[in-house]
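# Geometric and topological summary
Here is what each chain is made of, one letter per residue.
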Amino acid sequence: MADNVRKGITQNVPAAVTFHLSREYSAQHYGDSEEELFAQMAAEMKPWLGDSKIVAQKLHRWRFSEPKAEFGQPCVWLPDMRVGFCGDAFGGPRVEGAAISGLAMARKVIEDLELG
Ligand SMILES: Cc1cc2nc3c(=O)[nH]c(=O)nc-3n(C[C@H](O)[C@H](O)[C@H](O)COP(=O)(O)OP(=O)(O)OC[C@H]3O[C@@H](n4cnc5c(N)ncnc54)[C@H](O)[C@@H]3O)c2cc1C
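Note that this is a predicted model, so its numbers are computed, not measured.

Our next topic: the layout of surface pockets. Its boundaries defined by the atoms lining it, the largest pocket holds a volume of some 1,700 Å³. If you go around the largest pocket, you meet 42 residues; those closest to its centre are Thr18, Phe19, His20, Leu21 and His60. Looking at the lining of the largest pocket, the elements with two or more residues in it are strand E2 (17–18), helix H1 (23–29) and helix H2 (34–49). In terms of residue count, H2 provides more of the lining of the largest pocket than any other element does, six residues in total. Of the residues contributing to the lining of the largest pocket, the split by class is 24 nonpolar, 10 polar and eight charged.

What follows is the structure, encoded as structure tokens:
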């Protein structure tokens, strides 16, 4: 659960909070309606929201939210085909991991194509 004001991505009041459901729960309940999901989440959200009045709530379904498998190297470059693979499946499932993987890919391309 994240408070978007504390995270620094909004200054709006009333504040917006984001609840992420777990990988297992999301997979199991992907087909549930928005009403069903909010009803199921109400008890879990209550301790965090206290007596706050919910003025609006929105569900976002993220089918490809994180890599299912991770590779043991920062990127894959296939020089013969001039094709490369990078992203959070290589560097770790977060923005930093994706960025580090992208930089590793760029270095490999520069080295291999002697662009440096
Ligand atoms: C809800 C949520 C919250 C998150 N919060 C955080 C956070 O607070 N901090 C953090 O560090 N990380 C967070 N992450 C993880 C972070 O967003 C990812 O790790 C990161 O975006 C991965 O970057 P990427 O470039 O590897 O892949 P992506 O950002 O997934 O980019 C892949 C791109 O490829 C495109 N694409 C897919 N298939 C095709 C196709 N066939 N043809 C053309 N284009 C295609 C997609 O549209 C997308 O634009 C969060 C993820 C989710 C889902």
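This part is about a nonpolar patch on the surface. A cluster of nonpolar side chains, Met1, Val17 and Trp48, forms an exposed patch at the surface whose accessible area comes to about 330 Å². Take Val17: it is sitting in strand E2. Here Val17 falls in the partly exposed class, since its relative accessible area comes to 32%.

With that settled, consider the site of the ligand. All residues in the neighbourhood of the ligand are listed as Lys7, His20, Trp62, Ser65, Gly87, Asp88, Pro93, Arg94, Val95 and Ala98. Taking Arg94, its main chain carries an N or O atom lying 3.2 Å from an oxygen atom of the ligand. The contact in question runs from an oxygen atom of the ligand to an N or O atom on the backbone of Val95, over 2.8 Å. Isolated, the ligand exposes 1,000 Å² of accessible area, and the fraction of that covered by the protein chains is 36%. In the shell around the ligand, the residues fall into four nonpolar, three polar and three charged.

Quick look at the packing of aromatic side chains now. All chains considered together, the criterion is met by one aromatic pair. Ring centres of Phe71 and Phe90 lie 4.7 Å apart, and the angle between their planes is 15°; this geometry places the pair in the stacked category. One end of the pair, Phe71, is in the loop between H2 and strand E3 (76–78); the other, Phe90, is in helix H3 (residues 88–91), and 19 residues separate them in sequence. Accessibility expressed as a relative area gives 47% for Phe71, which makes it partly exposed. Using a relative accessible area of 13% as the deciding quantity, one classes Phe90 as buried.

About the thresholds
Residues numbered from 1 in each chain as written. Predicted model: local features only at pLDDT ≥ 70, side-chain atom pairs only at ≥ 80, totals over all residues. Heavy atoms only, no water. 1 Å grid on protein atoms, 1.4 Å probe; cavity = no way out; pocket = protein on both sides within 12 Å on 5 of 7 lines; lining within 4 Å. Points joined across faces, edges and corners; volume = space filled by probe spheres on them. Helix = DSSP H or I, 4+ residues; strand = E, 2+ residues; numbered from the N terminus. Nonpolar A, V, L, I, M, F, W, Y, C, P; charged D, E, K, R; others polar. Patch = residues over 30% accessible without salt bridge, like charges linked within 9 Å, V, L, I, M, F, W, Y side chains within 5 Å. Areas by Shrake-Rupley, 256 points an atom, 1.4 Å probe, with all protein chains shown as cover. Salt bridge = Lys/Arg side-chain N within 4 Å of Asp/Glu carboxyl O. Buried < 20%, exposed > 50% of the residue type's maximum accessible area, 1.4 Å probe, protein only. Near = heavy atom within 4 Å. Polar contact = N/O pair within 3.5 Å; in protein donor to acceptor, adjacent residues only side chain to side chain. Phe/Tyr/Trp six-rings, centres within 6.5 Å; stacked < 30°, edge-to-face > 60°.

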